Every structure is written in structure tokens, then in C-alpha cells.
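Notes for the structure review
The chain contents come next:
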Amino acid sequence: MSNSITFEWCSTIDDITSENWKKIYGSDVIKSREFMKANEVAEFEDVKFHYLQVFRGVEIIAIVPCFSYGMDIMNIASSGKAKTWISWIRKIFPSFLKLRAFVTGSYAATCEHFIEYAPDLSETEKKEVAKIIGGEIKRMSTQVKSSFVFVKDVRERSLQYVKDILTTDYKFFISFPTTAIPILPNVSYPDGLRKKNRKRYRKFKDCFEKSFHWEIISDYGGEPTKQFTTLYRAVLEKAKNKFEFLNERFFEATNDLLGDKSFFLVAKDNYTAEVRVMVIILENDANLIPLYMGFKYKDDDSKVLYLNTIFRTVKEAEARGKSYIDFGQMSYYPKTMSGALVENIYYGFWSGKPVVRWLINHCLGRLFTPPVVPEHVYLEKYAAEAHRVLTERGFALLN
């Protein structure tokens, strides 16, 4: 049997077996075939999926999921000044930085890069696979008439790994960092935090319990999904950065396809039973992943509800015996004050078009201003343990 290395593209995950997908991505729910299938089932507007498979003989040794769509680069910019000057330029050139992108990874946010190959490759095979991946991503991006390649969500820990696979002419910029809260062994949350942060927890938890309570919905198909989608759109409308635009079909598909690996955490009014917060949470053996939030905004209690969403998710992870919670990007101050530690995430860009390549090399860096990350809030006697919990899981921490 030949062990020559070959590759092929397909346009649906149905052409990739569960066995092959799991061989490359393991059992992490956020990288699961079922989660990626939910992306497809959603039929997002103007999003076309492409999957690169690499084989050694008949054996799968690499997969890179990609998609193409019309992208407004201003939606991922972290610099307020850059957004201002883009807005001014668009008064004259309305389509400035609105380009078709060929993107590696998942359309729905994951804070994961998805450029993976089998761990048992020889060094020679790794170089050959990297050459295929690097060349094919560029070729396919041109074939589908994209203006540039966008490599999503490369964590600090994986940056050199991804650079070694891709060609050297990519430019990487620090994007919005991601956050995680560790569960300290034998220390109940928030006892490992500093005094003022424990006091903050008690204050806002007491305020919450006077007016609201939590419920969990394990099977959230139908009406709960419809309600969640409405609240999610309220959050999206207020968001300064709109990374993607999800729909009810996607959330319904997560319920159908992920089974007991996903659930809704819901905050309701004690007196009217009105739903005020809904969070879709994914569950791995080691961690919880709050994926998206839906929120019914009112003037006087949004802070109480938001902070308690963080608190309650941590307590749920504790109760389920998890090691940490992957809280994702944005809202750094409230998350850090609640015990979050932070890891950088990078975006990568390449274009074969001279004008777009010039913009990437000379202008795009000004769009990304890393946020100020506060120091951690752990008591001195627990700080090392908090960091150990996450660094043993691969995190490269900033604070």
C-alpha cells in the first residue's frame, strides 16, 4: 500500500468521517465534528465552507476547515481611533475594507485556530504537510475569488506552531485576548480571591438573589432557542465588535447535535418569571465554555446580572468537577476582577493582491490595539496554584 501524501478539498463536513475528524481534533466539544456541522446546518448568509483533507495513503493526517464570506474588517478592529478613520474614509469610499475573505477555522467563535495535523508525523512528513496546507490555502482563496486569507483565533501557545505550518509571508497581529478562570483544588470560589474581590462577589450575589434566580435547561430546542436568539441579537446590537452574525438555526443545531455537551443557564425574575439572561454553555470533561449570551437590558440591573453570570458559571464548573472555565474574549475588567487570567490571541493575514497586501503590511496593524489587562486578583498564597491549573492545560498567561 502506498504511503504517498495526497490531499483533497470538499465542501461539506459530511464527506469527512467522524473517525477521521476525531483522529485530528480529539474530543474537545468546541472542535468537534458536531459543532462544525452546526455551522453548516445554520446556512449562514453568504458563508461557503471548504475543508482541506491530507492523507498518507488512505490514512487521514491533517484537516483544515475553512470558509469564505464577505467581511467587514472594521468589525474585528480593536482600535477606536482606527474605527474613526475608517468611518471617515467610508464617507468617500463606502466599501473600504469590506472584502471577501477566505478564513481558516469555525465561523462561530471558538478562540481556536483549527490548523491541525496528526501527532505521529515524522519531521519530513510535517514539512510536506505544511507545504501542502500553506500552498492550498492560498490557491483555494484565489479560486473562490477572495481578496485575502484570514487566520482566526491563534492563541499565544500555538502561534509558532501555526507560523511553522503557514508560509512566512503572513502578518500576525494581537487581537482580543481570551480569558479563563481556574477552579482551585480544595478552595471554594471565591475564597482564593483578594478580600475586596470576595466582598464584591458577596455584594452583587446578594443583590441578584433578592430579585432573580437561576435555572438550567438541558434540552433547549424549540421555544427556549427562539427566546435565546432574540436576546442574543440584543447583545449583538450593542456590541462594539461584531465578529459573526449567528441565527436561530445554529443554536437549534447545537441542541440537536451536541446532546449532553451543551445546556442553557438562565436567569429569571423571582416575581414575574421574566427571562433576563440566557447563556449557552458547552461542556468538556475538564472545562465549561460559555459560548454566547442573550440579555434583556434594563437601566438598573445589568451590572448585577452580568457579574452574576460570571459567578454562577464558575460555581457550576465547581459543582461539575471541572478544572477551569474558558470565558473567551471581551469584558476584561469584570472577568479579571472575578478571577480571570488572560492569554493573547492573534489574527493572521495574507493576500496575493498587491493593493490588499500593501494594506496588510502597512495599515492593518493600526487596527489592533491590545487592551490593558489588569493584574490578577488572587491572594498571594493561591496565585501560583491558579496559574498552575491553567498553564498545565497549555495556557500562556499575561497576568
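Refer to the structure presented above.
Conventions adopted
Residues numbered from 1 in each chain as written. Predicted model: local features only at pLDDT ≥ 70, side-chain atom pairs only at ≥ 80, totals over all residues. Heavy atoms only, no water. Helix = DSSP H or I, 4+ residues; strand = E, 2+ residues; numbered from the N terminus. Buried < 20%, exposed > 50% of the residue type's maximum accessible area, 1.4 Å probe, protein only. 1 Å grid on protein atoms, 1.4 Å probe; cavity = no way out; pocket = protein on both sides within 12 Å on 5 of 7 lines; lining within 4 Å. Points joined across faces, edges and corners; volume = space filled by probe spheres on them. Nonpolar A, V, L, I, M, F, W, Y, C, P; charged D, E, K, R; others polar. Core = buried A, V, L, I, M, F, W, Y, C linked by side-chain atoms within 4.5 Å. Contact = heavy atoms within 4.5 Å. Pairing = 2+ DSSP bridges. Axes fitted to C-alpha atoms, helices over the stretch in contact; angles between N-to-C directions. Salt bridge = Lys/Arg side-chain N within 4 Å of Asp/Glu carboxyl O.

**Remarks on unusual backbone geometry**
- Across the junction of Y189 and P190, the peptide omega takes the value 10°, indicating a cis bond.
- Note on placement: P190 falls in the loop between β8 (178–182) and α6 (195–211).
- Positive phi outside glycine occurs at E43, with the angle close to 50°.
- Mapping E43 onto the fold places it in the loop between α2 (33–41) and β2 (48–56).
- A relative accessible area of 58% means that E43 is categorised as exposed.

**Considerations on the layout of surface pockets**
- Quantified by volume, the second largest pocket comes out at close to 310 Å³.
- Those elements giving two or more residues to the lining of the second largest pocket turn out to be α1 (18–25) and β5 (116–117).
- Of the residues belonging to the lining of the second largest pocket, the class tally is four nonpolar, three polar and nine charged.

**Describing the nonpolar core**
- One finds F250, Y292 and F349 to be the most contacted residues of the largest nonpolar core, which totals 97 residues.
- For this core, the element with the highest residue contribution is strand β3 (residues 59–72), accounting for nine residues.
- Ignoring sequence-local partners within four residues, the contact set of F349 consists of I76, F148, V149, F150, D169, Y170, K171, F173, I360, L364 and F368.
- Core analysis: the next-biggest nonpolar cluster, separate from the first, contains 41 residues, L288, Y324, L341 and L390 among them.

**Side note on the sheet that holds strand β10 (residues 262–269)**
- One open sheet holds the seven strands; their spatial order is β9-β10-β11-β12-β13-β8-β14, and the pairing between them is mixed. The strands lining the two open edges of the sheet, one partner per strand, are β9 (212–217) and β14 (341–343). Across the sheet, the axes of successive neighbouring strands diverge by a mean angle of 30°, strand direction being ignored.
- Sheet topology note: the strand β11 (residues 275–283)/strand β12 (residues 287–295) ladder contains seven bridges and is antiparallel. Bridging across to β12, I281 finds its partner in P290.
- Across the sheet, helix α7 (residues 223–238) is in contact with β9, β10, β11 and β12; its angle to β12 comes to roughly 75°.
- In the packing of helix α12 (residues 380–391) onto the sheet, contacts are made with β8, β13 (324–329) and β14, and the angle to β8 comes to roughly 120°.

**Some words on the pattern of salt bridges**
- Taken as a whole and judged by the stated rule, the model has 29 salt bridges.
- The salt bridge partner of R139 is E136, with a shortest N-O separation of 2.8 Å. Of the two residues, R139 and E136 are both situated in helix α4 (residues 123–143); the distance of three residues between them amounts to about one turn of the helix.
- Exposure remark for R139: the relative accessible area of 38% places this residue in the partly exposed category.
- E136 gets classed as buried once you look at its relative accessible area, which sits at 9%.
- Here R320 makes a salt bridge to E283, at a shortest N to O gap of 2.7 Å. Here the residue R320 occupies a position in the loop between α9 (302–319) and β13, and E283 occupies one in strand β11, the gap between them amounting to 37 residues.
- Residue classification places R320 among the partly exposed residues on the basis of a relative accessible area of 30%.
- Judged by relative accessible area, E283 falls into the buried class, the value being 15%.

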